Amino acid sequence: MPTFADRLIRWQLEAGRHHLPWQGNQDPYAIWIAEIMLQQTQVTTVIPYYQRFMRAFPDIATLASAAPDDVLALWSGLGYYARGRNLHQAARLLVSEHGGVFPASASAIEQLPGIGRSTAAAIAAFAFGERCAILDGNVKRILVRYFGVYSHPAGKAVEARLWQMAEKLLPVNNQEKAMATYTQAFMDLGALVCTRSRPKCEYCPLQQECVAFTHGSTDQLPVPKPQKTRPEKNIIHLLLVKDSKIFLEKRPSPGIWGGLWCFPEIPFDSSSDNSHSANLASCNTPFFEFPCIIHTFTHFRLNIYPRLIHVGCNNAFEEKDNQCWVTVSAAMKLAIPAPIRKVLLTVSNVLGSSVNVASINEKNE
DNA sequence: CACCCGTGGAA
DNA sequence: TTTCCAAGGGT
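Residues numbered from 1 in each chain as written. Chains lettered and ligands numbered in written order. Predicted model: local features only at pLDDT ≥ 70, side-chain atom pairs only at ≥ 80, totals over all residues. Heavy atoms only, no water.

1. Regarding the overall build of chain A
What chain A contains, in helices and strands, is 15 helices and eight strands. Overall, chain A is about 80 × 50 × 35 Å in size when its C-alpha atoms are taken along their principal axes. Counted over contacts in chain A with a minimum sequence separation of 6, partners at least 24 positions apart contribute 67%. Element-wise, carbon and sulfur atoms account for 52% of the exposed surface of chain A, whose accessible area totals about 19200 Å². (Helix = DSSP H or I, 4+ residues; strand = E, 2+ residues; numbered from the N terminus. Contact = heavy atoms within 4.5 Å. Areas by Shrake-Rupley, 256 points an atom, 1.4 Å probe, with all protein chains shown as cover.)

Written as structure tokens, this is what we have:
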């Protein structure tokens, strides 16, 4: 009777993924970069970012010596920018305190910023074959179904139980690459077979012993977490244009889009008596309103009202450390949030077609 | 423990 | 259209 690990490993060898860009080597640095990018992010999204990043920063020393802005620029659009900031900080820490050598145990790896227990275990298993358990979304979903855990996986007690299960199921043999194959098997089974909706149980090596399959309750597991109402925020983005350059400022870190370049913003309350148009009522400068951009985060919804304004030479917006005037094409190469990239494309079209901003504004009034 | 932190794709 | 959430970690 093959063990749980045996089934998983055998399945992985014949049905798992073997040609992802970060596979095929045991370089802990390459594996580290991939694992960080893959946190809460789908494989297809990560691949082009990973390839660009590895081309620019092929090793620890290169990453450590890079400018923070250059690291974030390659992270631009990927989201969760603290990952990029922590990655860079960790690389510098490795150079200054570890002789530029990546630590070779999960417990040591976990000490690095941005690396928790699961990510540390994944790197250790892939790069060094260490016998340690991961517990990512895939593993949780598989275990919860396999053992029939009808509780919220987010709870602390349930989480602890899942860690215990994951460790108990680890392969006992010490075969070469067993841990790498086993760990990849968990991820691949979760991504390809034991999916959240419509799992392909007919292809699952764990089908016979799976509680959820036996009960016919795969569509009820994992138990979804209670939904929270998402608040709504409204802001005006000032697109200040002078001599075909646009004004950007670097956002404070921590915070949303921390360390990224963005337009000056004016928050306003849509429920108040004043519409957002009244916010600049005292300003006589003509402006051009762009269509509202709705950007949805995990925890709130952001409505952006871009407002383009041509400014003269004598104005208050002079460059400081965290501010700059740049061309649109230059701005596109900076670390900017995804929705800002969309706005910049629109700006490029407007400026490029030499639209009379003042007349458009009058038309709007 | 609760909340924060992005984005795009699937259903 | 809205909703959900994917190779989580930090505070």
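Now, onward.
2. Remarks on the domain arrangement of chain A
For chain A, the assigned domains read domain 1 (4–220) and domain 2 (232–269 + 277–364). Between domain 1 and domain 2, the C-alpha centre-to-centre distance is 38 Å. Tallying the contact residues gives eight residues for domain 1 and 16 residues for domain 2. The contact between domain 1 and domain 2 buries some 760 Å² in all, and 46% of this surface belongs to carbon and sulfur atoms. By the criterion of area lost to domain 2, the three top residues of domain 1 are Asp69, Tyr81 and Arg85, representing 52% of everything that side buries. Our enumeration of links across domain 1 and domain 2 arrives at one salt bridge. With a closest N to O distance of 3.0 Å, Asp69 and Lys250 form a salt bridge. On inspection of domain 1 and its partner domain 2, the count reaches five residue pairs in polar contact (both at pLDDT 80 or more). Its residues assigned to classes, the side of domain 1 that touches domain 2 comprises four nonpolar, two polar and two charged. (Domains from an automatic or database assignment. Buried area = accessible area lost by both parts, 1.4 Å probe. Salt bridge = Lys/Arg side-chain N within 4 Å of Asp/Glu carboxyl O. Polar contact = N/O pair within 3.5 Å; in protein donor to acceptor, adjacent residues only side chain to side chain. Nonpolar A, V, L, I, M, F, W, Y, C, P; charged D, E, K, R; others polar.)

3. Quick notes on the protein's contact with DNA strand C
Taken together, 25 residues surround DNA strand C, and among them Leu38, Gln40, Thr119, Asn138 and Gln227 come closest. Close to the protein, within 4 Å, the atoms of DNA strand C are drawn from sugar and phosphate at a rate of 66%. A distance of 3.1 Å is found between a base nitrogen of DNA strand C and a side-chain nitrogen or oxygen belonging to Arg17. Here Arg141 contributes a side-chain N or O atom positioned 3.5 Å from a phosphate oxygen of DNA strand C. Those elements that provide at least two residues to the surface near DNA strand C are helix 8 (117–128), helix 9 (137–146) and helix 11 (178–193). (Near = heavy atom within 4 Å.)

4. A look at empty space enclosed by the protein
The probe, sized like a water molecule, is rolled over the atoms to show the empty space still left. Here the structure, examined in full by the defined rule, presents two cavities of 30 Å³ or more. Broken down by secondary-structure element, the contributors of at least two residues to the lining of the largest cavity are helix 9 and helix 11. Per-element tally for the lining of the largest cavity: the top contributor is helix 9, with three residues. When its residues are assigned to classes, the lining of the largest cavity shows eleven nonpolar, two polar and two charged. Looking at the second largest cavity, its volume works out to about 50 Å³. Counting residues per element, the lining of the second largest cavity draws most heavily on helix 11, at three residues. In terms of residue class, the lining of the second largest cavity is made up of eight nonpolar, one polar and no charged. (1 Å grid on protein atoms, 1.4 Å probe; cavity = no way out; pocket = protein on both sides within 12 Å on 5 of 7 lines; lining within 4 Å. Points joined across faces, edges and corners; volume = space filled by probe spheres on them.)

5. Comments concerning the environment of Gln184
Among the structural elements, Gln184 can be located in helix 11. For the pair Gln184 and Gln227, spaced 43 residues apart in sequence, the C-alpha separation works out to 31 Å. What Gln184 contacts, discounting residues up to four positions off in sequence, is Gln12, Arg17, Gln23 and Phe126.

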